[in-house]
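# Coordinate inspection notes
Here is what each chain is made of, one letter per residue.
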Amino acid sequence: MPASSGAQLSRRVGQKKQRLSEAERSRSLPDAARTPSPEEPCSGPHTCLGPPATTGPQRSIYFLSPKDHPARLGSEFFDQPGVRLARALLGQVLVRRLADNTELRGRIVETEAYLGPEDEAAHSRGGRQTARNRGMFMKPGTLYVYIIYGMYFCLNVSSQGDGACVLLRAVEPLGGLETMQRLRSTLGKGASGRALKDRELCSGPSKLCQALAIDKSFDQRDLATDGAVWMERGPPGPKPAVVAAARVGVGRAGEWAQKPLRFYVRGSPFVSVVDRTAEQMQA
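### As for the nonpolar core
Judged by nonpolar contacts, the single largest core of 62 residues is most densely connected at F78, L89, L94, L155, L168, L208 and M231. When residues of this core are assigned to their parent elements, the largest contribution, six residues, is made by strand β5 (residues 164-175). F78 has contacts with L73, L85, L89, P140, G141, V157, S158, S159, Q160, L223 and M231, leaving out every residue within four places of it along the chain.

Right under this line is the structure:
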């Protein structure tokens, strides 16, 4: 072999050894001490300029760790008297996460307060406590779900005070409307088959439960910690004008039937029942 060829071969061998040595040192260093290549994901203190390394559908950050995300309403929010909670819930966002990770969202626009043993329209009137209404006596933020007419569900949230809760009557759909349409068509008894308008999807307590796939299995769940249903703080902005009116369907509750314990966002087309008389008196 000529001397020049031998020298070139020797240099190439030396360069290869040097590259292998550098690669070995790079692998042995902690992530923070080396610079990532364009093909590898960013880590440590380095700034990532390319697309994120993970692929596939993103899961809600609120499902991962409820306590770490201030947008999710915690136990302290629900720990207030029924009337105050019923008003405070207006504008907040109810979230339902389905088994396939689909998230349905709706802004609360109508509520009713039920004040416990003294309230003749409440399921806890007279202090009665049964297996059915136990959620009304549990800590604030506990769900109380009951069935009416043997087929429809209503969703309530417990508040301060034994046997007190707030009924969610209507929400404004914000996300997952196609899924809500399908659920209403599937679960709605005697559905006409026509496509529902957005304002018809959740404009009533049982319609709301159908659209969000909420049934008796949600009874006594904790809104502050549950992974399938929770509430998030509504977007910032001016507080909506609120109308206080008589509750719906409590005509046999004596003087309590006319008490203004239903609250709804004035002008919202997603409200279940508009009380024109109450609106005129509160104009």
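After that view, the rundown keeps rolling.
### Some remarks on the environment of K259
Inspection of the secondary structure assignment puts K259 in the loop between β7 (242-245) and β8 (262-265). The class for K259 is partly exposed, based on a relative accessible area of 29%. In this structure K259 touches A245, A246 and R247, once residues within four positions along its chain are discounted.

### Comments concerning the layout of surface pockets
Size it by volume and the largest pocket reaches roughly 660 Å³. Residue lining of the largest pocket: 28 residues in total, with Y114, H123, Y146, G249 and V250 positioned closest to the centre. Only β2 (103-115), β3 (143-148), β4 (152-158), β5 and α7 (205-211) provide two or more residues apiece to the lining of the largest pocket. For the lining of the largest pocket, the element with the highest residue contribution is β3, accounting for four residues. A class-by-class count of the residues in the lining of the largest pocket yields 16 nonpolar, five polar and seven charged. Estimated volume of the second largest pocket: approximately 450 Å³. Forming the walls of the second largest pocket are 15 residues, and the residues nearest its centre are L90, G91, Q92, K239 and P240.

### Quick word on helix α5 (residues 177-187)
Turning to α5, its buried residues number three or more, namely T179, M180, Q181, L183 and R184. Buried positions along α5 lie against β2, β5, α6 (198-201) and α7.

The rules behind each value
- Residues numbered from 1 in each chain as written.
- Predicted model: local features only at pLDDT ≥ 70, side-chain atom pairs only at ≥ 80, totals over all residues.
- Heavy atoms only, no water.
- Core = buried A, V, L, I, M, F, W, Y, C linked by side-chain atoms within 4.5 Å.
- Buried < 20%, exposed > 50% of the residue type's maximum accessible area, 1.4 Å probe, protein only.
- Helix = DSSP H or I, 4+ residues; strand = E, 2+ residues; numbered from the N terminus.
- Contact = heavy atoms within 4.5 Å.
- 1 Å grid on protein atoms, 1.4 Å probe; cavity = no way out; pocket = protein on both sides within 12 Å on 5 of 7 lines; lining within 4 Å.
- Points joined across faces, edges and corners; volume = space filled by probe spheres on them.
- Nonpolar A, V, L, I, M, F, W, Y, C, P; charged D, E, K, R; others polar.

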